[in-house]
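The lines below spell out each chain.
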2 protein chains.
Amino acid sequence: MSQFLMAQPNGRVVGGKDKVFEISGKAKAAIAKYGKEPVSNATIGAIMDDDGNLVVLSSVLEVLRSLSPEDYAEYAPPAGLPAYLDYAKQAVFGKYRPEAFIAAAAAPGGTGALRNAVSLYTCPGDVITTADWNWGPYKTLCQEQGRSLETYNYFAADGSFDLASFNAKMSDILARQPRFMVFLNTPAHNPTGYCLSPEDWDGVLASTLEAAKDPEKKIILVLDIAYIDFCKDPENERAFFKRFENLPENVLVLVAFSMSKSYTMYGMRGGALLCISSSQAVADEFATVAAFASRGTWSNCNRSAMTVLTRIYENPELKARVDAEQAEIRDMLLRRGDAFVQAAKEADLKMTPFSAGFFCVIPCENPDAVCEELQKDNIFVLALAKGLRVSIASVSEAKCAAMPAKIKAAITKVNG
Amino acid sequence: MSQFLMAQPNGRVVGGKDKVFEISGKAKAAIAKYGKEPVSNATIGAIMDDDGNLVVLSSVLEVLRSLSPEDYAEYAPPAGLPAYLDYAKQAVFGKYRPEAFIAAAAAPGGTGALRNAVSLYTCPGDVITTADWNWGPYKTLCQEQGRSLETYNYFAADGSFDLASFNAKMSDILARQPRFMVFLNTPAHNPTGYCLSPEDWDGVLASTLEAAKDPEKKIILVLDIAYIDFCKDPENERAFFKRFENLPENVLVLVAFSMSKSYTMYGMRGGALLCISSSQAVADEFATVAAFASRGTWSNCNRSAMTVLTRIYENPELKARVDAEQAEIRDMLLRRGDAFVQAAKEADLKMTPFSAGFFCVIPCENPDAVCEELQKDNIFVLALAKGLRVSIASVSEAKCAAMPAKIKAAITKVNG
C-alpha cells in the first residue's frame, strides 16, 4: 500500500498478493477440472491424507465434543487455565525438562505466543533476527509491533548450519542495541525441514554465553517448536531442552508451544509461551507481564482448546490413543519425506538439508517462473524469494516420489 | 512492578492486585462456609442463574457440539471466514444497517477487536480517551501498545451525560495530536448500565463533525457494544447506527462485536471489528490492514466460534430458538435491574444512571473500605476508584432487591 488514508502505517509494509491463497485457488481450480489424481497441491500447511482430505485426530475430536457447557462457555483467566499450563510444559519438554525456573502463559496458537515474546522482551524500533529461510509471518509479527526483522544465512555453502553468519548477525545487532532476540524454528524447520544438530546447538549456545558476558546485554532465544512432534524421534529430539540449565540471568529462553499441528487443532488457537530462566525473579516477572500483555491484546484464550489438552494429559488411556494417532501421521509424513528426498537424489535435484516436518525447500533461480512452469504440470508449490517450498504434508507418498523429477525439469526449462 | 529485569516496560504500568480475582476468591470461600443462600457474589461479569450457575444457551451449545471435524480443526483465513463476517454485520446492525461502506475482520472477542482498533488507527505515544466510569482493561489495551488513556467525566452533576467534558477532552487531545480516538461503551455501559440517549448522540456527533472540519484531523469513534442485546429494546436501540451515514471521510466509526455475552460464549473468543466509512477506499484499507494486524498478532481466530454464528444465521428456526433463549436471559437481567433500582430508591441509595446491562454503580467515598464492610454481610462487589460495581448479572432478583439497603448501611457506617 503506497499511501495510508485513515490507518497509521506504524512501520507496517502492507500490500502484495497473498501467494498461498492465490496458488491454492489455482490448485483447487485444477482439481475441479482434472480431478484429484493428476494434481499435486503441495501448498497447504496442514496434514492431508492421500486423498487430499484434512487429517483430524479422532481422539482429539472426541474429547472436544465431550466437553461440558462450562468448558466451552466460561472465560479462562488471562494467563490461561493453571492445569493447562502445567500440561503444556509436559507437552513441550517431555522427559527433558530443564532444571530451571519455568513459567507459562496461554496464547492463541504459536503466533500469539511469538507476539507476546516480541512485545515483552524487545522495544519498538528493535531489530529481531531469524534465518534467511523462514516462515513469512515472522516479518509481519515484527512489523505489527514496530520492530523489524533481519536475517542471517541458515546454511553455509557446504549445506551445514552457518554458525559464522549467525554469530555475525548477533554481533551486528548487539553493536546497535542492547537486546538480541532470535526466532529459532527447530526441529523440523518451516520451510526447510532442518533440525539444529547437537553441534549446531553447541555453537549457538557458545555464542550466546560469550555475548552474555556483557551484563548490559540481554539475549533472548525464542524457540518455535511447532513441528517438534513430527521429528524422526520426537521423544529424544527434546534432549536439547536440557541445555537451558544454569544459563546466565541475562539469557532468557522462550518457547512457543502450539497445539495446531501436534493435535491437528489448527483452527482452535491453542498455544502458550513458556519461559526458561535461571532466575526465579525473571520467571515471576514473565508470568506477570505475560498476563498483562494477554489481558491487553486478546483478554483470554479459547478455554475449550486448553481443556482438551488437560483432558488428554489427565487420562493415560486417552493420552495413549492420541500418541498412537500422532505416531501414525508422523510415520506417514516421514515416509513422504523419504520418498521425496530419495527421488530428488535420483533426479539430481538440489534440496536444502531436510530431516522432517511439513515442508522441504528446493533452492533455485527465478522461483516464480519455475512455479508457473510447474503449474502446467498440475504441480502447485509456493515460490519463496530464493526457491520453492514444497508441502509434503499435503500430498501423497506417490506424488512426493513423482514431483522431484518434474521440478528438476521445470527448473532446467526456466533457468537452462 | 517497580523495576523490570528481562522484560521491557514499553509504557506498561504493571502490578497491583487483581481485585476481581481476590474478591471472587473470598466470595467462593464464603459460599463454601455458609452455603449459597446467604451469599451475594456480585463480582462476576457473566450471567449466572438464581442458583449461581453459569447460564449457557442450550441452542448455542447444541450447534457447537454438532460441528464437523473441519469446523474445529481447519485454519480460518486471518481476516475471518467470509460468511461469518457477513453475519457479524447482521448481528451488529439488525435492521439499522447504515448506508455506508462497511468492512469487517475477525478478532478474538471484543478485546481483540479493540486491540486492532488501537494498533491500526493510532500511533505509539497517542492518547486515547473514554469515560471516567469505564472498563479497566481499556487502560491495559492502551498501555500494551504504548498508548495512554485519559478520561472525561461521564456524568454531569445532574446525572446527565457530560457532553461539555467530552468536548473539552476532545479539544484538549486534538490540540496535542492529529488523531482523536474514543471508546464509547454503549448501550448498557459497563459498569454503569447507561445507554447514550438520542440527545447524547446528537451532541457527540455535532462535536465530531465540528472537529472533522479540520481536514488534518482524524476522528475515530470506537463503539464497544458488548452488551447491546441486553437493552430494554435491543432491536430498536440499534437505531443509532443509522447516524453513521454520510460522515466526512476523516471520521471513522469502528464497532467491536463480541459473541461473549449475547451467545454466552465468553470462553470461545468470537468477535470482530467492523468499520463504517463514507469512503470505499477507507473501508478497503481497513480490510487490508486489519488482516495484516491479525496475521501478525494471533494469525487467525477460533474457527468453531465463527462457524457457530454462521450456522445460527443460516437457519431461521435455529435463529428463532437462540433469540428466544436470549430474550429469556435478557428479561431476567432486566427484572434484576428493576429490582435493584427500586430498592435503591427505597433505601435512598444514590446510583449512577442505570438502564440495562450486567452491572450498576454506586458512587461513594472509600470504596475499598465499603467493600470490606459489605463482605461482613456476605455481599461481594468490586471496588472501583470512585464507587462500587455491582454485578446484577450474577445474583438473583431477590438478592438484587436486598442488596441496596445493606449497601446504604455499609456506606453510612464507613463514611458517616
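Structure: see above.
Figured I'd write up the structure that's included with this text. Worth saying up front: this structure is predicted, and the values here are computed from it rather than measured.

## A look at the interface of chain B and chain A
(1) Moving on: Listed by partner, the interface residues are 75 residues for chain B and 75 residues for chain A.
(2) Moving on: On the surface where chain B and chain A come into contact, there are two salt bridges.
(3) Moving on: Two residues, Arg115(A) and Glu144(B), come together in a salt bridge whose shortest N-O distance is 2.8 Å.
(4) Moving on: Applying the counting rule to chain B against chain A returns 34 residue pairs in polar contact (both at pLDDT 80 or more).
(5) Moving on: Taken together, the elements giving at least two residues each to the side of chain B that touches chain A come down to helix 2 (58–65), helix 3 (69–73), helix 5 (109–121), helix 6 (137–144), strand 6 (218–224), strand 7 (251–258), helix 10 (280–295) and helix 11 (303–314) of chain B.
(6) Moving on: Take the side of chain B that touches chain A: its biggest share by element is eight residues, from helix 10 of chain B.
(7) Moving on: Split by residue class, the side of chain B that touches chain A holds 38 nonpolar, 22 polar and 15 charged.

## Re the pairing of strand 7 (residues 251–258) of chain A
All names here are of chain A.
(1) Moving on: In terms of burial, strand 7 is a largely internal element, eight of the eight residues being buried.
(2) Moving on: The alternating pattern of strand 7 places Val251, Val253, Val255 and Phe257 and Leu252, Leu254, Ala256 and Ser258 on opposite faces, both of which are buried.
(3) Moving on: Examined bridge by bridge, strand 6 (residues 218–224) and strand 7 share six bridges and lie parallel to one another. From the neighbouring strand, Leu221 faces strand 7, where its bridge partner is Val253.

## A few points about the pairing of strand 4 (residues 148–152) of chain A
Residues and elements named next belong to chain A.
(1) Moving on: Relative to strand 4, strand 3 (residues 127–131) is paired through five bridges, and the arrangement is parallel. Among the inter-strand pairings, Thr130 is bridged to a residue of strand 4, identified as Thr151.
(2) Moving on: Handedness of the crossover is the feature at issue here: the chain leaves strand 3, passes through helix 6 (residues 137–144), returns alongside strand 4, and the resulting connection is right-handed.

## Points about the relation of the copies chain B and chain A
(1) Moving on: Superposing chain B onto chain A takes a rotation of 180° plus a shift of 0.0 Å along the axis, which leaves an RMSD of 0.0 Å. One copy is carried onto the other by what is essentially a two-fold rotation axis. No C-alpha of chain B lies nearer the rotation axis than that of Arg65(B), which sits 2.7 Å from it.
(2) Moving on: Same-surface contact between copies: 100% of interface residues of chain B are shared with the interface of chain A.

## Observations regarding the packing of aromatic side chains
(1) Moving on: This structure, assessed with the given rule, holds 42 aromatic pairs over all chains.
(2) Moving on: A centroid spacing of 6.0 Å and a plane angle of 90° characterise the contact between Phe166(A) and Phe180(A), whose relative ring orientation is edge-to-face. Within this pair, whereas Phe166(A) is found in helix 7 (residues 163–176), its partner Phe180(A) is found in strand 5 (residues 179–185), the two being separated by 14 residues in sequence.
(3) Moving on: Note on Phe180(A): relative accessible area 0%, which makes it buried.
(4) Moving on: Aromatic side chains Phe93(B) and Phe241(B) sit 5.0 Å apart centroid to centroid with 90° between the ring planes, which places their arrangement in the edge-to-face category. Of this pair, Phe93(B) sits in helix 4 (residues 82–93) while Phe241(B) sits in the loop between helix 9 (234–237) and strand 7; the two residues are 148 residues apart in sequence, bridging distant segments of the chain. The two residues Phe93(B) and Phe241(B) agree in class, both being buried.

## Describing the packing of helix 12 (residues 316–346) of chain A against helix 14 (residues 397–415) of chain A
All names here are of chain A.
(1) Moving on: At their nearest, the axes of helix 12 and helix 14 sit 8 Å apart, and the two run at 25° to each other. For the element pair helix 12 / helix 14, the angle class is roughly parallel. Two packed elements cross with a definite hand, and for helix 12 against helix 14 that hand is right-handed. For the pair helix 12 and helix 14, the contacting residues are Arg335, Arg336, Ala339, Phe340, Ala343 and Ala344 in the first and Glu397, Cys400, Ala401, Met403, Pro404 and Ile407 in the second.
(2) Moving on: Taken together, the residues of the contact of helix 12 with helix 14 sort by class into nine nonpolar, no polar and three charged.

## Quick word on helix 14 of chain A
All names here are of chain A.
(1) Moving on: The first and last C-alpha atoms of helix 14 sit 28 Å apart over 19 residues, in line with the 27 Å expected at 1.5 Å per residue.
(2) Moving on: Largest kink in helix 14: about 30°, centred on Met403, with the proline Pro404 one to four residues after it.
(3) Moving on: For helix 14, the full list of buried residues reads Lys399, Cys400, Met403, Pro404, Ile407, Ala410 and Ile411.
(4) Moving on: Tucked into the core, helix 14 has its buried residues touching strand 1 (40–41), helix 12, strand 9 (359–363), helix 13 (367–376), strand 10 (379–380) and strand 12 (387–391).
(5) Moving on: One or two residues past the end of helix 14 sits Gly416, with phi positive at roughly 80°.

## Some points on the pattern of salt bridges
(1) Moving on: If you walk through the whole model with that rule in mind, you get 46 salt bridges over all chains.
(2) Moving on: As a salt-bridge pair, Lys169(A) and Glu150(A) come within 2.9 Å of each other at their nearest N and O atoms. In this pair, Lys169(A) sits in helix 7 while Glu150(A) sits in strand 4, placing the two residues 19 residues apart along the sequence.
(3) Moving on: With relative accessibility at 21%, the residue Glu150(A) sits in the partly exposed group.
(4) Moving on: Of the charged contacts in the structure, one is a salt bridge between Asp323(B) and Lys319(B), with a shortest N-O distance of 3.0 Å. You can see Asp323(B) and its partner Lys319(B) sitting in helix 12 (residues 316–346), four residues apart, about one turn around the helix.
(5) Moving on: The class for Asp323(B) is partly exposed, based on a relative accessible area of 32%.
(6) Moving on: Each of Glu150(A), Lys169(A), Asp172(A) and Arg176(A) takes part in one network of salt bridges that share partners.

Scoring rules and cut-offs
Residues numbered from 1 in each chain as written. Chains lettered and ligands numbered in written order. Predicted model: local features only at pLDDT ≥ 70, side-chain atom pairs only at ≥ 80, totals over all residues. Heavy atoms only, no water. Contact = heavy atoms within 4.5 Å. Salt bridge = Lys/Arg side-chain N within 4 Å of Asp/Glu carboxyl O. Polar contact = N/O pair within 3.5 Å; in protein donor to acceptor, adjacent residues only side chain to side chain. Helix = DSSP H or I, 4+ residues; strand = E, 2+ residues; numbered from the N terminus. Nonpolar A, V, L, I, M, F, W, Y, C, P; charged D, E, K, R; others polar. Buried < 20%, exposed > 50% of the residue type's maximum accessible area, 1.4 Å probe, protein only. Pairing = 2+ DSSP bridges. Right-handed = clockwise from strand over helix to strand, strands pointing away. Least-squares fit on C-alpha atoms with pLDDT ≥ 70 in both. Phe/Tyr/Trp six-rings, centres within 6.5 Å; stacked < 30°, edge-to-face > 60°. Axes fitted to C-alpha atoms, helices over the stretch in contact; angles between N-to-C directions. Parallel < 35°, antiparallel > 145°, perpendicular 65-115°, else oblique. Left-handed = near helix turned anticlockwise from the far one by under 90°. Expected span 1.5 Å × (residues − 1). Bend = angle between axes of the 7 residues up to and from the residue.

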